[in-house]
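# An overview of the molecular structure
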Amino acid sequence: MSDGDLISELYAGCFRRLVVQLYAVTGDLTEAQEAVQEAFTRALVSPRRFAALENPEAWLRRVAVNWARSRYRRRRVLDGLLRRIGPPPAVADHSPEHLALLAALRVLPEGQRHALALHYLVDLPVDEVAATLGVSSGTVKSRLSRGRVALAALLADTDTSDATSTGTKCATDATETGRIDVRS
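The structure reproduced in this document is the subject of the present report. (Residues numbered from 1 in each chain as written. Predicted model: local features only at pLDDT ≥ 70, side-chain atom pairs only at ≥ 80, totals over all residues. Heavy atoms only, no water.)

### Considering the overall build of the protein
- When helices and strands are tallied, the protein shows 9 helices and 0 strands.
- Going from N to C terminus, the protein has its helices and strands arranged as α-α-α-α-α-α-α-α-α.
- In the protein, buried positions account for 26% of the 184 residues.
- Here the contacts in the protein between residues at least 6 apart in sequence split such that 56% fall between residues at least 24 apart.
- Accessible surface for the protein amounts to roughly 12,500 Å². Of this, 56% is attributable to carbon and sulfur atoms. (Helix = DSSP H or I, 4+ residues; strand = E, 2+ residues; numbered from the N terminus. Buried < 20%, exposed > 50% of the residue type's maximum accessible area, 1.4 Å probe, protein only. Contact = heavy atoms within 4.5 Å. Areas by Shrake-Rupley, 256 points an atom, 1.4 Å probe, with all protein chains shown as cover.)

### Considering a positive patch on the surface
- There is a patch of like positive charges on the surface, built from R69, R73, R74 and R76.
- Position of R69 relative to the elements: it lies in helix α4 (residues 56-85). (Patch = residues over 30% accessible without salt bridge, like charges linked within 9 Å, V, L, I, M, F, W, Y side chains within 5 Å. Salt bridge = Lys/Arg side-chain N within 4 Å of Asp/Glu carboxyl O. Lys, Arg positive; Asp, Glu negative; His and termini not counted. Charge placed at Lys NZ, Arg CZ, Asp CG, Glu CD.)

### As for the nonpolar core
- In this structure, L22, V36, F40, F50 and L60 are the most contacted members of the largest nonpolar core, which totals 22 residues.
- Breaking this core down by element, the ones donating at least two residues are α1 (3-26), α2 (29-45) and α4.
- Formed by 15 residues, the second largest nonpolar core is a distinct cluster that contains L105, A115, L116 and L144. (Core = buried A, V, L, I, M, F, W, Y, C linked by side-chain atoms within 4.5 Å.)

### So, unusual backbone geometry
- The phi dihedral of D123 falls on the positive side, at around 70°, and the residue is not glycine.
- Structurally, the position occupied by D123 is in the loop between α6 (110-121) and α7 (126-133).
- Among the residues examined, D123 registers a relative accessible area of 63% and is labelled exposed.

### As for the packing of aromatic side chains
- Under the defined criterion, the tally for this structure stands at 4 aromatic pairs.
- Judged by centre distance (4.9 Å) and plane angle (75°), the ring pair of Y11 and F40 falls under edge-to-face. Linking Y11 in helix α1 with F40 in helix α2, this pair joins segments that are 29 residues apart in sequence.
- With a relative accessible area of 34%, Y11 lands in the partly exposed category.
- Considering the side-chain rings of F50 and W59, the 5.4 Å spacing of their centres and the 65° angle between planes classify their relative orientation as edge-to-face. Note on accessibility: F50 and W59 belong to one class, buried.
- Counting every residue linked through ring pairs, the aromatic cluster contains Y11, F15 and F40. (Phe/Tyr/Trp six-rings, centres within 6.5 Å; stacked < 30°, edge-to-face > 60°.)

### Digging into the packing of α6 against α7
- Where α6 contacts α7, the axes come no closer than 9 Å and their chain directions differ by 135°. Looking at the two axes, α6 sits oblique to α7. The handedness of the crossing between α6 and α7 comes out as right-handed. On the side of α6, the interface is formed by H114, A115, L118 and H119, while α7 contributes V126, V129, T132 and L133.
- Within the contact of α6 with α7, the residues separate by chemical class into 5 nonpolar, 3 polar and no charged. (Axes fitted to C-alpha atoms, helices over the stretch in contact; angles between N-to-C directions. Parallel < 35°, antiparallel > 145°, perpendicular 65-115°, else oblique. Left-handed = near helix turned anticlockwise from the far one by under 90°. Nonpolar A, V, L, I, M, F, W, Y, C, P; charged D, E, K, R; others polar.)

### A short note on α7
- Inspection of α7 places V126, V129 and A130 among the buried residues, and these make up the whole buried set. Along the long axis of α7, the arc covered by the buried residues comes to 100°, so they all point the same way. Of the residues in α7, the exposed ones pointing more than 90 degrees away from the buried face are D127, A131 and T132.
- Downstream of α7 by one or two residues, G134 has phi in the positive range, about 75°. (Arc of directions from axis to C-beta.)

### What to know about the environment of L155
- Structurally, the position occupied by L155 is in helix α8 (residues 137-166).
- Under the relative-accessibility criterion, L155 is labelled buried at 15%.
- The spatial distance from the C-alpha of L155 to the C-alpha of L105 is 9.7 Å, given a sequence separation of 50 residues.

If you want it as structure tokens, here you go:
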């Protein structure tokens, strides 16, 4: 049996059992799953040494418990530091327009989304956006142009669905309510 087959067989045979055991230790299912997954990842680093262990499941359990404890300690330290600096800052804007913009940005391809966010939200010039993203200025300009067109279409779809649900909607209403026309 190869080392990879041994790890695969152990994964199939004891992953759930280890997750249940770690769930009892951590009290959090996601944390337990991550700890067991991390243990298997560490087993894959040196499969020959892992295959030579007398009780591989016990080793996996010990690694998972140690990983969960370390993570718990780091989280406690971080929580203490966060309490010292005070509560997190409030989110700037919860308006429907802002939420619609964020939802539309999430739909865009990653390159366009990053270029739009860095240029318009962070207020970086095109050259700095290019340097930050590791692409040419022309690529940033292209992404900005395509992103604006796609964003305008997505926001127009949102406006259309809003108009359908509220009954009436016109272009002057959008400017009067302070919405930004991204199509310009």
